[in-house]
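Each chain is listed here by its residues.
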Amino acid sequence: MPERGTKLDNAFNQRFSGGNDDFGMHHTDNGDRDDDHRYKDVKGENVDDDENAPYRALDEDVRDFWVPREVKRLRHPITALTFLRDYVQPSIPVIFSKGSGLLDQWQGVERWKEWEWVVGRVGEETIVSVNVTPDGRGDAILEMRKEIERKVEEEKRPEERRMAFGAFVDILLHGEDEGGRESGREEGVFYLSQQNDNMRVDFPMFLSDGQGTREEGGEEGQVPAAGFPIARQVFGHAPDAINLWIGGRRSVSSVHKDPYENMYAVLKGEKHFTLFPPSDAASFSVAQDLLQATYHSSPSSRTLSVSIEDQGRREDGGRIDWIDLEASREGGREGGRALHPLEVWVKEGEVLYLPALWFHEVTQTCPTIAVNYWHDMAFLGPKYVYFNFMQRLGRQRQRRREGGREGGKEGGKEGGE
């Protein structure tokens, strides 16, 4: 903190000291503005001369005053006020680890480590919805070559397959060899990853009406429908959705952002998150106006194929924008387009607080079970306004880089872990 405090003091002194006005504008003795004046940022770069200078300053400010070097792990309980002041208000991720009073207070949470118990609670023959893709990447960009030999980019979605829960778990545990490759038992990567409040819709047997604490008693392994008390106090309401996630090492949730305050609990296994702050919206490369496509399989074949969705049935014309993370990374720091990735591994028994509008890509290091609580973000105030501004600024910069090509829509895709 002393280093950051010194930087803040220096920045303040440079911008507001020496008799200059609020933005360091130098005036001559007769009160006329110096014709040679150029507004300078903290580092003294000429913003008027270089349109990328503000972005380089943004990059340094984000590193110095916002994104931590690593996500902090809390190993002791904190108050709702501390959570609000130190993490929610400044929009900083944090992990509630063992000893923090979250998952370690749930009754029988250790039962989630037993696949036999999980399958028994759901029912081996109970039909559930599972997302299936050939490579584990759902909601991702796919390049295809049509018969007319024209390259087409599509945003591909997984096949939503209805199947017995016991069969899904069997494929998850035995459908890949030790290297994570398909064993030949079933083609594709299977991931239980519905984002429709599926814990309430499809798995109510896991929900408890109470707090789910050891003091309350009740059935072991149940998840409190009301969410974590500290989250309800800070966000002011119960969760809008509770989602169950079950997947293996090959399952990937492509980079995206959600308009929710996210309390993400890992019950078994380990999740790997790559996080990006909302300000990186100005630096991402976005594949625009993509066709939407869906994987599907036929009863007579185990092969997954892709079909473009009927555009006439969709209000948005069947098109969508999507972040191209590979292209964004290739851009690097060129032209001030710096990204600020923050990697974190959320272990069994831990809860990640992921602030609203933070971009994230999610994988698993092993077969993993997790549940997350989505609390609707507060749209009033500057956060959403600033985010939209940065996103529009990023699209404008991208159009300039691409030679002024008219870009598609601004919204981008939401939804994910």
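Residues numbered from 1 in each chain as written. Predicted model: local features only at pLDDT ≥ 70, side-chain atom pairs only at ≥ 80, totals over all residues. Heavy atoms only, no water.

1. As for the pairing of strand 21 (residues 368-376)
So, step 1. Counting buried residues along strand 21, 8 of its 9 residues qualify, which places the element largely inside the surrounding structure.
So, step 2. Bridge count for strand 13 (residues 260-268) against strand 21 is 8 bridges, and the pairing is antiparallel. Bridge pairing in strand 21 links Lys 268 to Ile 369. (Buried < 20%, exposed > 50% of the residue type's maximum accessible area, 1.4 Å probe, protein only. Helix = DSSP H or I, 4+ residues; strand = E, 2+ residues; numbered from the N terminus. Pairing = 2+ DSSP bridges.)

2. Structural notes on the environment of Glu 219
So, step 1. In this structure, Glu 219 sits in the loop between strand 9 (207-208) and strand 10 (223-224).
So, step 2. Linking Glu 219 and Leu 207, residues 12 residues apart in sequence, is a C-alpha distance of 9.6 Å.
So, step 3. Aside from chain neighbours lying at most four places away, what touches Glu 219 is Gln 107 and Arg 121. (Contact = heavy atoms within 4.5 Å.)

3. Topic: helix 2 (residues 53-65)
So, step 1. For helix 2, with 13 residues, the first-to-last C-alpha span of 18 Å sits near the 18 Å given by 1.5 Å per residue.
So, step 2. Within the sequence span of helix 2, burial applies to Ala 53, Tyr 55, Ala 57, Asp 59, Val 62 and Asp 64. (Expected span 1.5 Å × (residues − 1).)

4. A short note on the sheet that holds strand 11 (residues 241-247)
So, step 1. Read from one edge of the open sheet, 6 strands run 1-2-19-13-21-11, paired in mixed fashion. Each edge of the open sheet carries a strand with a single partner, namely strand 1 (72-74) and strand 11. When strand polarity is set aside, the average angle formed by the axes of neighbouring strands in this sheet is 20°. (Axes fitted to C-alpha atoms, helices over the stretch in contact; angles between N-to-C directions.)

5. A short note on the pairing of strand 12 (residues 252-256)
So, step 1. Within strand 12, 5 of the 5 residues are buried, which leaves the element mostly enclosed by the surrounding structure.
So, step 2. Note: strand 4 (residues 137-138) against strand 12, 2 bridges, orientation parallel. Bridge assignment links Arg 137 to a residue of strand 12, and that residue is Val 252.
So, step 3. Bridge analysis of strand 12 against strand 20 (residues 359-364) gives 3 bridges, and the strand direction is antiparallel. Within strand 20, the position partnered with His 256 by the bridge is His 360.

6. Overview of the nonpolar core
Nonpolar side chains in soluble globular proteins tend to be buried together.
So, step 1. Counting residues in each nonpolar core, the largest one holds 52 residues, and the members touching the most others are Phe 83, Phe 96, Trp 112, Phe 165, Phe 228 and Met 263.
So, step 2. Discounting chain neighbours no more than four positions away, the residues touching Trp 112 are Trp 117, Val 118, Met 199, Phe 206, Gly 221, Val 223, Leu 244, Leu 267, Lys 268 and Ile 369.
So, step 3. Core analysis: the second largest hydrophobic core is formed by 18 residues, Val 71, Trp 245, Leu 275 and Val 344 among them. (Core = buried A, V, L, I, M, F, W, Y, C linked by side-chain atoms within 4.5 Å.)

7. Section: helix 3 (residues 80-88)
So, step 1. Turning to helix 3, its buried residues number three or more, namely Ala 80, Thr 82, Phe 83, Tyr 87 and Val 88. Viewed along the axis of helix 3, the buried residues span an arc of 150°, placing them on a single side of the element. What points out from helix 3, more than 90 degrees from its buried face, is the exposed set Leu 81 and Arg 85.
So, step 2. Contacts from the buried residues of helix 3 go to strand 1, strand 2 (94-96), helix 7 (229-235), strand 13, strand 19 (351-354) and helix 9 (382-401). (Arc of directions from axis to C-beta.)

8. Structural notes on the packing of aromatic side chains
So, step 1. By the definition in use, this model includes 21 aromatic pairs.
So, step 2. Aromatic side chains Phe 379 and Tyr 384 sit 4.9 Å apart centroid to centroid with 80° between the ring planes, which places their arrangement in the edge-to-face category.
So, step 3. One residue, Arg 397, lies across the ring of Tyr 55, its end atom 3.6 Å from the ring centre. (Phe/Tyr/Trp six-rings, centres within 6.5 Å; stacked < 30°, edge-to-face > 60°. Lys NZ or Arg CZ within 6 Å of the ring centre and 35° of its normal.)

9. Here's the deal with unusual backbone geometry
So, step 1. Phi is positive for Ser 91, which is not a glycine, with a value near 60°.
So, step 2. With respect to the secondary-structure elements, Ser 91 resides in the loop between helix 3 and strand 2.
So, step 3. Phi at Leu 357 is positive, roughly 75°, even though this residue is not glycine.
So, step 4. As for its placement among the helices and strands, Leu 357 is situated in the loop between strand 19 and strand 20.
So, step 5. For Leu 357, a relative accessible area of 2% gives the class buried.

10. Here we look at the pattern of salt bridges
So, step 1. On inspection of all chains with the given rule, the structure shows 13 salt bridges.
So, step 2. Across the pair Glu 261 and Lys 383 runs a salt bridge whose closest N-O atoms are separated by 3.5 Å. Note that Glu 261 is positioned in strand 13 and Lys 383 in helix 9, a separation of 122 residues in sequence.
So, step 3. For Lys 383, a relative accessible area of 29% gives the class partly exposed.
So, step 4. For Lys 347, the salt bridge goes to Glu 270, with nearest N and O atoms at 3.2 Å. Of the two residues, Lys 347 is situated in strand 18 (residues 342-347) and Glu 270 in strand 14 (residues 270-276); the sequence distance between them amounts to 77 residues.
So, step 5. Given the relative accessible area of 41%, Lys 347 is considered partly exposed.
So, step 6. Here the salt bridges do not stand alone but share partners, grouping Arg 111, Glu 114 and Glu 220 into one network. (Salt bridge = Lys/Arg side-chain N within 4 Å of Asp/Glu carboxyl O.)

11. So, the packing of helix 4 (residues 115-122) against helix 5 (residues 165-174)
So, step 1. The contact between helix 4 and helix 5 brings their axes to 9 Å, and the two run at 155°. Compared by their axis directions, helix 4 and helix 5 come out roughly antiparallel. Considering how the two elements wind past one another, helix 4 and helix 5 form a crossing that is right-handed. Between helix 4, through Trp 115, Val 118, Val 119 and Val 122, and helix 5, the contact on the second element is made entirely by Phe 165, Gly 166, Val 169, Leu 172 and Leu 173.
So, step 2. Split into classes, the residues belonging to the contact of helix 4 with helix 5 amount to 8 nonpolar, 1 polar and no charged. (Parallel < 35°, antiparallel > 145°, perpendicular 65-115°, else oblique. Left-handed = near helix turned anticlockwise from the far one by under 90°. Nonpolar A, V, L, I, M, F, W, Y, C, P; charged D, E, K, R; others polar.)

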